[in-house]
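Structural overview for review
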Amino acid sequence: MKHLICFLVLFLISGVGSFDLVIDEIPDEVENLIDLEIDGFPSSSKTRNVRHQRSTSDWGYVGDLVEDDDKIGLYSYKVQSTITSRLANTMIQAKMVNNAKRSQHIVFDVQVPKGAFIDNFTMDVNGITFTSKIREKSEARKMYSQAKAKGKAAGIVRSNALDMENFKTEVNVPPGTRIQFELHYHEMIRRKLSSYEHVISVKPGRLAKHMEVDVRIIEPQGLRYVHVPNSLGDHFDGITTISKGEKKAHVSFKPTMTQQRKCPTCSSTAVDGNFVVQYDVNRETTGGELEIFNGYFIHFFAPENLDPLPKNILFVIDVSGSMWGLKMKQTIEAMKAILSELRAADQFSLIDFNHNVRCWRDNLVSATPAQVEDAKKYIQTIHPNGGTNINEALLRATFILNEAQNLGMLDPNSVSMIVLVSDGDPTVGELKLTTIQKNVKQSIKDEFSLFCLGIGFDVDYDFLQRIATDNRGMAQRIFGNQETSAQMKNFYNQVSTPLLKKIQFNYPQESVSDVTQSSFHNYFGGSEIVVAGKVDTENLQHLESIVTATAANAELVMETLRDVEELDGIMKKDKYADPEFTRKLWAYLTVNQMLAERNAAPTAALKRNITKSILQMSLDHHIVTPFTAMLIENAEKDEIMLADQPKDPRRGCCPGTLGLTPNAPNNNKGIPAWANITAVPVSFMPEQRSPPVSSLSINRVDNDPHFIIHLPKSQRNICFNINSEPGKILNLVSDPGTGVVVNGQLVGAKKTENKKLNTYFGKIGFYFKNKGLKVEITTETITLKDGSYGITLTWSDTGHIIRKQLLISVKKESNVTITVGEEMSFMVLLHRVWKKHPVNVDFLGIYIPPENQLSPAAHGLIGQFASEPEVYIHHQRPGQAPEKPQATMEVKGNKLTVTRGLQKDYRTDRVLGTDVQCWFVHNSGKGFIDGHYKDYLVPHLYSFLKKP
């Protein structure tokens, strides 16, 4: 093999972008392709996908090949793709022969859909095979450096892909060499405009003796239709065959060599484009389809037959000088068509901008025929010139929407959105992209969605993607050509019909884990929401899901119940079905969700943590991501090549990132009827005020921990501290009469201070026995549990949960209010400290109004004072400090020495607090509370206090 010279270049290309090969420590900015010369040809062990691999020795007769002038023959070009419940596994294989009398390059060049995960690549030369494996990037680069130091060749590649990515391998081989390339990737087929569309790039580059595209579809929901448009041209009419059953379909495209020719005497191929398969599935349930297999569940949600929600839409159009010509002409054509499709219930306006910002109307107007026609005339008069002031244009748009909302002009059930169309970076006004992103985020305030269309190759698409994802929208690149108008209209059609808002997916908390995003801002007609997670099928017979959402005229609650073994028969009997489809779909959604979260992470520490999680997922599931690399090596592991996807400055973190939206609080409206029914799930609800309590007339436990008991009759505040140990649980309220329990678990400081370890409440539990509800509040999450059902919010949410007339209101990074009808309410306050503080930790405070309607049987460190004791304070005298006088307090038959001082109420000022005067009882409240404070220790977070 010493005479064999191999040049390997693995790279992804789209448009003008490409994988650029980097040798040694050449910086990422290098953009020239560099060939690799390898001494000898690597070999390897069997590929992971054995059923697709054939050795070159098994080809048989390879004569009758049509060769170009380079004498390279394409023996076969095969594409096999299997779709199992939207998960498409695709293999592209090419077998080629060098029939020239000299060594020359053979190229394997295929397009892979953007966002697909490459999971395997193999190459076989004259029966010697080498394969790939996935490694962490720094480890792979280290191996590359070691290989280079030993005189072995290696390469590192980088990506700058757009809509499609090219995987290209170039090998220099001697005469007579047979070589086989095989690439595997998988992707989730997303539903757009009421159809799933599977796109396979078929560009063999030359005539193939054997040409085949084979697509199999297995959809347990059942197939509504399967359609193959004539995307490769009229030349191939009648060649594609479709066999469709109830739940399966087979599509085959096998043109003969004669049929492949551009003309009867041509030696070039007419096969050059995308092979497209379109289909849709049956939908019998409104709540979606649950598919459970091999320990994972996938929830497909695409309800139909719903009335559209009215929309408030602002079009923000870049009319700078760079839009001159075809781009502007196509944009005007698209906008005229889009304006014609607005519904009578919609409101809209137009903003065009260059270095200045102009508004067609300064406020939203109804989409009447007259207004739409006037807007079309305005669009027609636009003449591109000047710079690009994106910041001011978007802030003007958000101002119009915010003002309309403040004036009550927006239908409470409507959906508000901004659509930005631009072809370049900002050149006027605010130029810093992170500042623009922050300004827009603060102005939108999680109220609206921002959708971005980036035209052409000069636009910073990563920025548009980040700013859209950050504001509950998505971005799409539009190619500046004759099809710009059609692409814009197609994108608008995807978001033109909002059917639902505030969609929440709920599953039994004890049975599922690692659930992907389960709260969505909007659902648009013709699309599909997909949620996945792990499920404990060993201890579960059925999995139930409950979806809540706001429709045009109602609050919806949609339930779905599935047997966990329902798919076993179909999946195990069908030899083409992928038994790993649920795991792969879960991993696909999870990794893409983490990539999007990393892109929007506000701190470097959070970004590092997310990166670690992405890396581990990439290694566990054998996929190439921006933090892993694909090593290609022979069996002896002494020949190494490397392909990876480092960060590209024009694309930001990660190619293939999906636009995911964060949790969405509801707008202001009353409690829906279903919230009064005990059998329905939790749901996000609008912010409601808790029963008013004054700053003084409240019982509170805060800081480390300080108790302040307000005695309404005597209008006094009595204070005491409890000094216990970390991990101990103190009972605050135990009322067997109303079935209410409130307990707090202590957490310790990081180290002792002045020979004392301070303790704080790190977790507070509420148990409402009569309702069967439990609420657990920590410094990280707020969780409501109802038997097997549960829902968790984080402190980064502002949201509301209602279940069985119990309302939980979360104010972001501030407090949680629990309201139980008119009877009682509780507030838990969050205290954040500097993460690197050497002593302090995050902790909670609790505030309980004495007006809560507890029963006479109530007890606990706070509950016992529901029945106010007689308190007599007299003989006031100077204390050790002038500002802290002492007195004698008579209570419960005890005479106590108490000290006048100040404690803090942190409800209005969580940093400094508000001073509250009180009489302080020493020795952990001894004499003021019944018994000793240790009598109030309980074993569990939801335990009642045992009677003495």
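Please read these numbers as outputs of a predicted model, since none were measured by experiment. (Residues numbered from 1 in each chain as written. Predicted model: local features only at pLDDT ≥ 70, side-chain atom pairs only at ≥ 80, totals over all residues. Heavy atoms only, no water.)

Observations concerning the overall build of the chain
Helices and strands together make up the secondary structure of the chain, namely 12 helices and 53 strands. The proportion of buried residues among the 948 residues of the chain is 59%. Long-range pairs, those at least 24 residues apart, make up 69% of the contacts in the chain between residues at least 6 apart in sequence. A total of about 38,900 Å² of accessible surface is found on the chain, and carbon and sulfur atoms cover 48% of it. (Helix = DSSP H or I, 4+ residues; strand = E, 2+ residues; numbered from the N terminus. Buried < 20%, exposed > 50% of the residue type's maximum accessible area, 1.4 Å probe, protein only. Contact = heavy atoms within 4.5 Å. Areas by Shrake-Rupley, 256 points an atom, 1.4 Å probe, with all protein chains shown as cover.)

Observations regarding the sheet that holds strand E12 (residues 191-192)
Within the open sheet, the 4 strands sit side by side as E12-E13-E18-E15. Their pairing is antiparallel. Looking at strand neighbours, the two that pair on one side only are E12 and strand E15 (223-227), the edges of this open sheet. As paired strands, E12 and strand E13 (residues 195-202) are joined by 2 bridges and run antiparallel to one another. Residue pairing for E13: Lys-192 is matched across the bridge by Ser-195. (Pairing = 2+ DSSP bridges.)

What to know about empty space enclosed by the protein
Per the stated rule, a full pass over the model turns up 6 cavities of 30 Å³ or more. What the second largest cavity holds in volume is close to 70 Å³. As for the second largest cavity, its lining consists of 13 residues, of which Gln-221, Arg-283, Gly-288, Glu-289 and Phe-300 are closest to the centre. Grouping the amino acids of the lining of the second largest cavity by side-chain chemistry returns 4 nonpolar, 4 polar and 5 charged. (1 Å grid on protein atoms, 1.4 Å probe; cavity = no way out; pocket = protein on both sides within 12 Å on 5 of 7 lines; lining within 4 Å. Points joined across faces, edges and corners; volume = space filled by probe spheres on them. Nonpolar A, V, L, I, M, F, W, Y, C, P; charged D, E, K, R; others polar.)

Brief notes about helix H5 (residues 390-406)
The end-to-end C-alpha distance of H5, which contains 17 residues, comes to 24 Å, matching closely the 24 Å that a straight helix rising 1.5 Å per residue would cover. Residues of H5 that are buried include every one of Ile-390, Asn-391, Ala-393, Leu-394, Ala-397, Thr-398, Ile-400, Leu-401, Asn-402 and Ala-404, and no others. Gly-408 sits one or two positions beyond H5 and adopts a positive phi of about 75°. (Expected span 1.5 Å × (residues − 1).)

Thoughts on the state of the cysteines
Simply put, disulfide is the name for a covalent bond between the sulfur atoms of two cysteines. In this structure the tally under the stated criterion is 2 disulfides. Put simply, Cys-263 and Cys-266 are joined by a disulfide, and their sulfur atoms are 1.8 Å apart. Across the S-S bond linking Cys-263 and Cys-266, the dihedral sits near 95°, which makes this disulfide right-handed. A sulfur-sulfur distance of 1.8 Å marks the disulfide that ties Cys-719 to Cys-918. (Disulfide = S-S within 2.5 Å.)

Notes on the environment of Pro-113
Locating Pro-113 in the fold gives a position in strand E6 (residues 104-113). Sequence separation of Pro-113 and Val-199 is 86 residues, and the distance between their C-alpha atoms is 7.6 Å.

Re unusual backbone geometry
Its identity is not glycine, yet Lys-445 carries a phi of approximately 55°, on the positive side. Inspection of the secondary structure puts Lys-445 in the loop between helix H6 (433-444) and strand E26 (449-455). Using a relative accessible area of 54% as the deciding quantity, one classes Lys-445 as exposed. In this structure, His-875 is a non-glycine residue whose phi angle is positive, near 55°. Mapped onto the elements, His-875 comes out in strand E50 (residues 871-881).

Observations concerning the side chain of Asn-120
Secondary-structure assignment places Asn-120 in strand E7 (residues 117-125). Residue classification places Asn-120 among the buried residues on the basis of a relative accessible area of 0%.

As for helix H4 (residues 369-380)
Its 12 residues give H4 an end-to-end C-alpha distance of 17 Å, which sits within 8% of 16 Å, the value for a rise of 1.5 Å per residue. Those residues of H4 not exposed but buried are Val-372, Ala-375, Lys-376, Tyr-378 and Ile-379. End-on view of H4: buried residues confined to an arc of 160°, all on one side of the axis. Pointing more than 90 degrees away from the buried face of H4 are the exposed residues Pro-369, Ala-370 and Lys-377. (Arc of directions from axis to C-beta.)

With respect to the confidence of the model for the chain
Overall, the prediction assigns the chain a mean pLDDT of 82, with 83% of residues at 70 or greater. Here residues 1-54 scores under 50 on pLDDT; set against residues more than four positions off or in separate chains, the count is 180 contacts. Below pLDDT 50 for its whole length, residues 153-162 participates in 63 contacts with residues either more than four positions away or in separate chains. (pLDDT = per-residue confidence, 0-100.)

Regarding the sheet that holds strand E33 (residues 555-563)
Spatially, 4 strands are ordered E30-E28-E32-E33 in an open sheet, and the strand pairing comes out antiparallel. The open sheet terminates on both sides in strands that have one partner only, identified here as strand E30 (519-524) and E33. With strand direction ignored, the average angle separating the axes of adjacent strands in the sheet is 30°. Pairing between strand E32 (residues 542-550) and E33: 9 bridges, direction antiparallel. Paired with Ile-546 across the strands is Glu-559, a residue of E33. (Axes fitted to C-alpha atoms, helices over the stretch in contact; angles between N-to-C directions.)

Let's talk about the packing of aromatic side chains
Applying the stated criterion across every chain yields a total of 25 aromatic pairs. Between Phe-766 and Phe-768, the ring centres sit 6.4 Å apart and the planes meet at 5°, which makes this aromatic pair stacked. Its relative accessible area of 0% is what places Phe-766 among the buried residues. Grouped by ring-pair contacts, the aromatic residues Phe-301, Phe-505, Phe-520 and Tyr-523 constitute a single cluster. The ring of Tyr-576 has Arg-216 lying over it, and the distance from NZ or CZ to the ring centre is 3.8 Å. Lying over the aromatic face of Tyr-767, Lys-774 brings its terminal NZ or CZ to 5.4 Å of the ring centre. (Phe/Tyr/Trp six-rings, centres within 6.5 Å; stacked < 30°, edge-to-face > 60°. Lys NZ or Arg CZ within 6 Å of the ring centre and 35° of its normal.)

Some remarks on the packing of H6 against helix H7 (residues 461-469)
Two elements in contact, H6 and H7, have axes separated by 10 Å at closest approach and are oriented at 20°. By the angle class used here, H6 and H7 are roughly parallel. As for how H6 packs across H7, the hand of that crossing is right-handed. Counted together, Leu-433, Ile-436, Gln-437 and Val-440 of H6 and Phe-463, Arg-466 and Ile-467 of H7 form the full contact between these two elements. Of the residues in the contact of H6 with H7, the class split is 5 nonpolar, 1 polar and 1 charged. (Parallel < 35°, antiparallel > 145°, perpendicular 65-115°, else oblique. Left-handed = near helix turned anticlockwise from the far one by under 90°.)

Focus on the nonpolar core
Phe-766, Ile-777, Ile-808, Ile-818, Met-889 and Phe-928 are the most contacted members of the largest nonpolar core, which totals 58 residues. Not counting residues within four places of it along the chain, the set of residues in contact with Ile-818 comprises Phe-766, Phe-768, Val-775, Ile-777, Leu-806, Leu-807, Ile-808, Met-824, Ser-825 and Phe-826. Membership of the second largest hydrophobic core comes to 54 residues, among which are Val-79, Phe-108, Val-110 and Leu-232. (Core = buried A, V, L, I, M, F, W, Y, C linked by side-chain atoms within 4.5 Å.)

Considering the environment of Leu-844
With respect to the helices and strands, the residue Leu-844 is situated in strand E49 (residues 843-848). When the C-alpha atoms of Leu-844 and Arg-832 are compared, they prove to be 8.9 Å apart, with 12 residues separating the residues in sequence.

Remarks on the environment of Gln-405
One can find Gln-405 in helix H5. Classification of Gln-405 as partly exposed rests on a relative accessible area of 33%. Not counting residues within four places of it along the chain, the set of residues in contact with Gln-405 comprises Leu-410, Glu-447 and Phe-448.

A look at the pattern of salt bridges
Oppositely charged side chains are able to pair whenever their charged atoms sit close together. As enumerated under the stated definition, the model contains 29 salt bridges in all. The shortest N-O distance in the salt bridge between Glu-528 and Arg-283 comes to 3.6 Å. With a gap of 245 residues between them, Glu-528 in the loop between E30 and strand E31 (529-535) and Arg-283 in the loop between strand E18 (273-281) and strand E19 (289-293) connect regions that are remote in the sequence. Under the relative-accessibility criterion, Glu-528 is labelled buried at 11%. (Salt bridge = Lys/Arg side-chain N within 4 Å of Asp/Glu carboxyl O.)

Here's the deal with the pairing of E30
By the criterion of burial, E30 is predominantly enclosed, with 6 of the 6 residues buried. Here 5 bridges tie strand E28 (residues 498-506) to E30, and the two strands are oriented antiparallel to one another. Bridge pairing links Leu-500 to Tyr-523 in E30.

With respect to the packing of helix H10 (residues 581-600) against helix H11 (residues 604-620)
Following both chains from N to C, one finds H10 and H11 inclined at 160°, their axes separated by 9 Å at the closest point. Between H10 and H11, the angle falls in the class roughly antiparallel. You can see that H10 and H11 cross each other, and the crossing is left-handed. Across the interface between the two elements, Trp-586, Ala-587, Thr-590, Val-591, Met-594, Leu-595, Glu-597 and Arg-598 of H10 pack against Lys-607, Ile-610, Thr-611, Ser-613, Ile-614 and Met-617 of H11. Residue composition of the contact of H10 with H11, grouped by class: 8 nonpolar, 3 polar and 3 charged.

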